[in-house]
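# Per-entry structural report
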Amino acid sequence: MIVVEEFKGISVTGHRVEIVERKGTGHPDFMCDALMEAISVALSREYQKTFGTILHHNIDKGLLAAGKTVIDFGGGKLIKPMELIIGDRATFMAGGKKIPVREIAINAAREWIRQNLRFVDPDVHVRYRTVLAPGSEELTDIFLRPGEVHGANDTSALIGYYPLSPTEEVVLGLERYLNSKVFKEKYPETGEDIKVMGLRTGDHLDLTVAMPLISAFVKSEDTYFRIKEIALQAIRKFLRRYRSFRDSTVNLNTLDQKGRGLGGIYLTLLGTSAEGADSGQVGRGNRVNGLISVNRPMGTEAAAVKNPVSHVGKIYNLLAHKTAEKICKQIDGIQEVYVLLLSRIGSPINEPHMATAQVLLRKGVRLKDVVPDVTAIIEKELSTISGFCDRLARGTYPVC
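What you see is a predicted model, and the numbers here were worked out from it, not measured in a lab.

## Comments concerning the overall build of the chain
When you go through the chain residue by residue, the secondary structure sums to nine helices and 20 strands. A compact globule built from 400 residues should have a C-alpha radius of gyration of about 21 Å, and the chain, at 23 Å, falls within 12% of that. With the principal axes as the frame, the chain shows a C-alpha extent of 65 × 65 × 25 Å. For the chain, buried positions account for 53% of its 400 residues. Carbon and sulfur atoms provide 50% of the accessible area of the chain, an area that totals close to 18000 Å². Here the chain carries 53 positive and 47 negative side-chain charges, and the mean point of each set is 3 Å from the other.

Now the structure itself:
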């Protein structure tokens, strides 16, 4: 069933207060989501190569347990490695053929670390523990049933929206800039464990940024605060490109306190707090559009690492956002849209129990003028869901 209705509230930009968070590449929660998703993509590739189809797997019970380091000005050492615990379900054998699930998972995790964390050696700084097991017979059987489209493996409700608000754009854009290749080449002293919290009050934007410095580059407390000030000026310069706010303030590493030496600065050995301070867990990071937006409705399903052909927690999460974007971009008169998708376990994923678009209309536009076009876009997205799932399996769309 498809229902199009008018959104009765106001745009998120009309709220006096808006709060948006982004956890960056080196944040333990982001790492967990991204590492496990890399494993899902690698397993999907192997399943397709060996069997011509993607078999049952859901590896969304991952945990990154923090290690332990001793840090000093100019360096430090790792005492206890981080531990990545890879858990939940996967298919280990089908058609008499074994799949080296453990090796595939660990190799995929190591490769993600090599590509994204400059100072973490995946062979030295991280230990790996797999606690994967075969899935239940009924859920595994979903993948053996005939038909191009699989049945939903759960009854779940997911939501997506578009467009991003100016606050969301700033928070997302700033973290991506601070973790970009360009920024890291210019400021190699900065780590990847970046968190950006945005608070908009009226037309004033207040940003709180956490970004560690790398101990090897910091020879003294004075050096730390000098580098920190340079980084803060770079952030302020970057923010000048955003014109939607009357004014803005930005604070960096607000726990810092001069005169306390190592106890008063945010210093890391490897660029992530997972080396010694914080653990990470799948599902505690960003939503699939890269943000944690407190003013927006959010589903409870974590998208990362769920299988891309039957698990609606992943498929509908991303599809709702992609559909909302197409509705807003392709249909005149729509200011903002929310797309809600509800599955029923066992039903084909291209036939949701309910698909709803809540549209915030521009002045002078009537609901009946947009209903046919909105419905047509939803129908098209559902009818081409197999191709969408194929792209999910290849890792085309980021999930965090």
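## So, the sheet that holds strand E20 (residues 354-361)
Adjacent strands of a sheet pair through backbone hydrogen bonds, lying either parallel or antiparallel. Read from one edge of the open sheet, four strands run E1-E20-E19-E11, paired in mixed fashion. Looking along the sheet, the strands with just one partner apiece sit at the ends: strand E1 (2-6) and strand E11 (157-162). Strand after strand, the sheet turns through a mean of 15 degrees between neighbouring axes, direction not considered. Across six bridges, the pairing between E11 and strand E19 (residues 334-342) is antiparallel. Pairing of Tyr162 across the sheet is with Val337, part of E19. Along the sheet, helix H8 (residues 367-383) contacts E1, E19 and E20; its crossing angle with E1, the most-contacted strand, is approximately 145 degrees.

Each value, and the rule that gives it
The written sequence of each chain sets the order in which its residues are numbered from 1. Per-residue local features are limited, in this predicted model, to residues with pLDDT of at least 70; the limit for side-chain atom pairs, both in listing and counting, is 80 or more; totals at the level of whole chains, interfaces and linings are taken over all residues. Only hydrogens and water are set aside when side-chain values are computed; all heavy atoms of the structure are taken into account. Numbered from the N terminus, helices here are DSSP runs of H or I no shorter than four residues, and strands are runs of E no shorter than two. Radius of gyration means the value over C-alpha atoms here, while the globule rule gives 2.2 Å times the residue count to the 0.38 power. With a 1.4 Å probe rolled over the protein chains alone, any residue whose accessible area is under 20% of its type maximum counts as buried; one over 50% counts as exposed, and the rest are partly exposed. Per-residue and other accessible areas were derived by the Shrake-Rupley procedure at a 1.4 Å probe size, with only the shown protein chains allowed to occlude residues. Counting rule for charge: Lys and Arg are taken as positive, Asp and Glu as negative, and neither His nor the chain ends is counted. To locate a charge, take NZ of a lysine, CZ of an arginine, CG of an aspartate or CD of a glutamate. Strand pairing follows a simple DSSP-based rule, namely that at least 2 bridges must link the two strands. Angles run from 0 to 180 degrees between N-to-C directions of axes, and those axes are lines fitted to C-alpha atoms, restricted for helices to the stretch in contact. Contacts between residues were defined by any pair of non-hydrogen atoms, one from each residue, lying within 4.5 Å.

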